[in-house]
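Chain by chain, the residues run as shown.
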Amino acid sequence: EGVYHTADATLWFFHALGRYLEASGDWTTVSGLLPQLEEIVAHHIAGTRFGIGVDPRDGLLRQGDEALPLTWMDARVQGWVVTPRRGKAVEINALWYNALRLLEDWQRRAERGARADETARAAERARTSFNARFWNPRRSCLFDVLDGDPAEAELNRPNQLFAFTLPYPVLERERWEPVLDAVRRELLTPLGLRSLSPGAPQYKSRYDGDLRARDAAYHQGTVWSWLIGPYVDACLRVRPDDAAGARKALEAFLPHLDDACAGQVSEVFDAEPPFTPRGCVAQAWGVAELLRAWVKTEIKAAP
C-alpha cells in the first residue's frame, strides 16, 4: 500500500538520541548530526509531506492525510483509516517541544548561539500554545487532538501522558496530577493502558474476530502493554519518592510471563476482565517498557 512514515517518527529519534547521549556521553556523534537535525526541524516548520508542518498561527505541529494514519494509532484496513487523528495530536506536540528543547541544548553546546535562540523561541511559542489550547477544563485532562474532528478531541486516550513524561515536559506542572488521575481512572488495567476510555462511542472491549473487526478495536479500547512504561514515568513524575507505589502497576505482568508465551509480554489485551492476551505473543516494545519500568522502580536496599 506504499511507504509512509508517522508524523512522530523523527521526533522519537530526537528523544532516542538524547537518551543515547545521556548514557554514552558521545557528543562527537551528536554534534556530527547537528546539521541534519537542524534540517529536520526546518522542514517541520516549513511543512513537509502528508500535511505535516507547524501551524504559523500557534506554533503547534499538525498532520493529516485522508488516506493515511500518521500517529502510532495507525490501523488501516481496505483503505479505512480507523483512528485518523488528523490535526494537532497531543503526543506529537509533546514530542515536538521535547525535540526543540533538545536541539536548543545541543546548539548551545556547539556554540551556535543565534540558532539556539531561534529554536528556543519556537519551543516557547509551542509551549505557550499547548497549555492554552490542549487543556480540557471540563474533564480536567488534555484534548487528544485539536483542529480536526471535534468528536476526536474529547476522547480520553493515553497519549496525553507524554505531555509530562518526556525529558522536557510541555505541560504546566499543576496539571500533571489531574491528567494522571484521568488516565488512572479510565484507562489503567493490570496489564497496561486502554487505548480509549470505556463509554466512548468507538470503544471496543475485545480484540478478536476477522481482520476488520480486530483493526476496528486495535486502538479503540484495546490494552497495550508498552504503555505501562509511560504510565510508570507519569507516576514517578508526580510522586518521585514513591517508587514502591509505581512498582505496583507492574505486578500483574509477573504471572503473565508464564501465560501466552513463557518469558515474554503480549502485544495487546482485551480491555475488560479477564484481559485475555491478544496480538503477537512476544512484543519487543512491551518487553522493553516492562523491563525499563521495573529497573526504574527498583527499591535500593539501605546500606
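Residues numbered from 1 in each chain as written. Predicted model: local features only at pLDDT ≥ 70, side-chain atom pairs only at ≥ 80, totals over all residues. Heavy atoms only, no water.

1. Some words on the side chain of S195
Tracing the sequence through the fold places S195 in the loop between β10 (192-194) and α8 (211-217). At 3.4 Å, the side chain of S195 and the backbone nitrogen of Q220 are in polar contact. Residues contacting S195, with those up to four places away along its chain left out, are M73, R157, P158, Y218, H219, Q220, G221, T222 and W224. (Helix = DSSP H or I, 4+ residues; strand = E, 2+ residues; numbered from the N terminus. Polar contact = N/O pair within 3.5 Å; in protein donor to acceptor, adjacent residues only side chain to side chain. Contact = heavy atoms within 4.5 Å.)

2. Details of the packing of helix α3 (residues 90-109) against helix α4 (residues 113-133)
Running from N to C, α3 and α4 point in directions that differ by 155 degrees, and their axes come no closer than 8 Å. Accordingly, the angle class assigned to the pair α3 and α4 is roughly antiparallel. When you trace α3 past α4, the crossing you get is left-handed. Along the contact surface, α3 presents V90, N93, A94, W96, Y97, L100, R101, L103, E104, Q107 and R108, while α4 presents G113, R115, A116, D117, T119, A120, A122, A123, E124, A126, R127 and F130. Its residues assigned to classes, the contact of α3 with α4 shows 12 nonpolar, four polar and seven charged. (Axes fitted to C-alpha atoms, helices over the stretch in contact; angles between N-to-C directions. Parallel < 35°, antiparallel > 145°, perpendicular 65-115°, else oblique. Left-handed = near helix turned anticlockwise from the far one by under 90°. Nonpolar A, V, L, I, M, F, W, Y, C, P; charged D, E, K, R; others polar.)

3. Structural notes on the sheet that holds strand β12 (residues 268-269)
Ordered by their spatial adjacency, five strands build an open sheet running β9-β10-β11-β12-β13, and the pairing between neighbours is antiparallel. In this open sheet, the two edge strands, each paired with only one partner strand, are β9 (188-189) and β13 (277-278). As defined by bridge partners, strand β11 (residues 223-224) adjoins β12 across two bridges and the pair is classed as antiparallel. Bridging from a neighbouring strand, W224 pairs with V268 of β12. (Pairing = 2+ DSSP bridges.)

4. A closer look at unusual backbone geometry
Put simply, P273 and P274 share a cis peptide bond, and its omega is 10 degrees. Counting through the fold element by element, P274 comes out in the loop between β12 and β13. Phi is positive for F275, close to 55 degrees, though the residue is something other than glycine. You can see F275 is positioned in the loop between β12 and β13.

5. Digging into helix α12 (residues 284-296)
The α-helix advances 3.6 residues per turn, and as a result positions three or four apart in sequence lie on the same side. For α12, with 13 residues, the first-to-last C-alpha span of 18 Å sits near the 18 Å given by 1.5 Å per residue. Among the residues of α12, G286, E289, L290 and A293 are the ones counted as buried. Around the axis of α12, the buried residues are gathered within 100 degrees of arc, so they sit on the same side. Every exposed residue of α12 that faces more than 90 degrees away from the buried side is listed here: A284, L291 and V295. In this fold, the buried residues of α12 make contact with α9 (228-238) and α11 (253-256). (Expected span 1.5 Å × (residues − 1). Buried < 20%, exposed > 50% of the residue type's maximum accessible area, 1.4 Å probe, protein only. Arc of directions from axis to C-beta.)

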